[in-house]
Amino acid sequence: MTADLDDARILAERARRLAPRSTAVGDHDVTLASHVDFSLARERWLLDARHVLAAFRLATFTPLPGAVAPVVGLTAWRGLVLTLVDLRRTVGAHPTGLDDLATVLVIGDDTRPVAGILADVVHGVAALDPERALGPAPTTRTALPGVIAGLTDDARLVLDGARLLALLDDPQALHAVRDDARAPAARGTAPPSAPRPQ
């Protein structure tokens, strides 16, 4: 457990040191933002390192039956109860189990942790030019519309960390987003079904 905490401290310190910096490109300076690069559901993800407080190996967790997706359970972290989030549904993947999700990225603001994102592997920190246009976000039906800001040239999903934190920090907002995502089917605006044979 001590090794995991040391790894988390090292990752957090690296993220802080690599936070936005300026680099010369051609005739002008470009500010690069550091993002934590991780894998989940056979996808590569980027999350602004300013929102990542730590990373640790998941030892145990308590499932929350009936929780609003993407919330799946709770775990203990540094004496706190941390809500666990499974982002696989944000790309339309159907989670089968949590056995293989061994890493938790603790996300929050400067004052406190908000939740833990489950991940397969943390690859490190990557620099991303915030001025560079991202490709459009996937259009699959998701559990949290709007949390994917777009795609990089190399097909990594870029999360909108501020929106994700805002949704996870406010249970009513999380329920409202989920209800809005379900509303088109409930209002009858879902794609028409095939005609019935006579």
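Up top is the structure.
About the thresholds
Residues numbered from 1 in each chain as written. Predicted model: local features only at pLDDT ≥ 70, side-chain atom pairs only at ≥ 80, totals over all residues. Heavy atoms only, no water. Core = buried A, V, L, I, M, F, W, Y, C linked by side-chain atoms within 4.5 Å. Buried < 20%, exposed > 50% of the residue type's maximum accessible area, 1.4 Å probe, protein only. Helix = DSSP H or I, 4+ residues; strand = E, 2+ residues; numbered from the N terminus. Contact = heavy atoms within 4.5 Å. Salt bridge = Lys/Arg side-chain N within 4 Å of Asp/Glu carboxyl O. Pairing = 2+ DSSP bridges. Axes fitted to C-alpha atoms, helices over the stretch in contact; angles between N-to-C directions. Polar contact = N/O pair within 3.5 Å; in protein donor to acceptor, adjacent residues only side chain to side chain. Arc of directions from axis to C-beta.

**Quick notes on the nonpolar core**
Formed by 25 residues in total, the largest nonpolar core has its most connected members in Phe 38, Trp 45, Leu 87, Ile 107, Ile 117 and Leu 159. Elements represented by at least two residues in this core include exactly strand S2 (28-40), strand S3 (43-48), strand S4 (52-57), strand S8 (103-108), strand S9 (113-119), strand S12 (157-159) and helix H2 (161-169). Contact partners of Phe 38, with chain neighbours within four places excluded, come to Glu 43, Arg 44, Trp 45, Leu 47, Leu 105, Ile 117, Ala 119, Val 121, Val 122, His 123 and Leu 159.

**Side note on the pattern of salt bridges**
Enumeration according to the criterion identifies six salt bridges in this entry. The partner of Arg 44 in a salt bridge is Asp 37, and the shortest N-O contact between them spans 2.6 Å. With its nearest N and O atoms 2.6 Å apart, the salt bridge here joins Asp 169 to Arg 112. One end of the pair, Asp 169, is in helix H2; the other, Arg 112, is in the loop between S8 and S9, with 57 residues separating them in the sequence. Overall, the relative accessible area of 35% leaves Arg 112 in the partly exposed class. Three or more residues are tied together by salt bridges with common partners; here these are Asp 37, Arg 44, Asp 154 and Arg 156.

**What about the sheet that holds strand S5 (residues 62-63)?**
Ordered in space as S4-S8-S9-S7-S6-S5, the six strands form an open sheet in which the pairing is mixed. Looking along the sheet, the strands with just one partner apiece sit at the ends: S4 and S5. Of the pairings in the sheet, the one linking S5 to strand S6 (residues 71-77) comprises two bridges and is antiparallel in character. Bridging across to S6, Thr 62 finds its partner in Leu 74. On top of the sheet, H2 reaches strand S7 (80-85), S8 and S9; it is set at about 115 degrees to S9, its chief contact.

**Observations concerning the environment of Arg 50**
On the secondary structure map, Arg 50 appears in the loop between S3 and S4. Look at Arg 50 and you get exposed, because its relative accessible area is 55%. Once the C-alpha coordinates of Arg 50 and Ala 162 are considered, the two residues, 112 residues apart in sequence, prove to be 9.8 Å apart. A distance of 2.6 Å separates polar atoms of two side chains, one belonging to Arg 50 and the other to Asp 48.

**Looking at the pairing of strand S11 (residues 148-151)**
Bridge analysis of S11 against S12 gives three bridges, and the strand direction is antiparallel. Looking at S12, one finds that Ile 148 is bridged to Leu 159. Counted along the chain from S11 to the antiparallel partner S12, the turn is five residues long, and its residue Ala 155 has a positive phi close to 65 degrees.

**Remarks on the pairing of S9**
Summarising burial for S9: six of the seven residues are buried, a large majority. As paired elements, S7 and S9 share two bridges and run parallel to each other. Looking at the pairing, Leu 84 lines up with Gly 116 of S9. Direction of pairing for S8 relative to S9: antiparallel, over a ladder of six bridges. Bridge pairing in S9 links Gly 108 to Pro 113. Counting the residues in the hairpin turn of S8 and S9 gives four residues.

**Digging into the environment of Thr 83**
Positionally, Thr 83 belongs in strand S7. Along the primary structure Thr 83 and Gly 116 are separated by 33 residues, whereas in three dimensions their C-alpha atoms are 6.0 Å apart. Here Thr 83 is in contact with Val 71, Gly 73, Leu 74, Val 114, Ala 115 and Gly 116, once residues within four sequence places are set aside.

**Focus: the side chain of Thr 152**
Here Thr 152 lies in the loop between S11 and S12. If we skip the residues at most four places from it in the chain, Thr 152 touches Leu 46, Leu 128, Leu 134 and Val 158.

**Side note on H2**
Among all positions of H2, only Gly 161, Leu 164, Leu 165, Leu 167 and Leu 168 are buried. Buried residues of H2 fall within an arc of 165 degrees about the axis and therefore sit on the same side.

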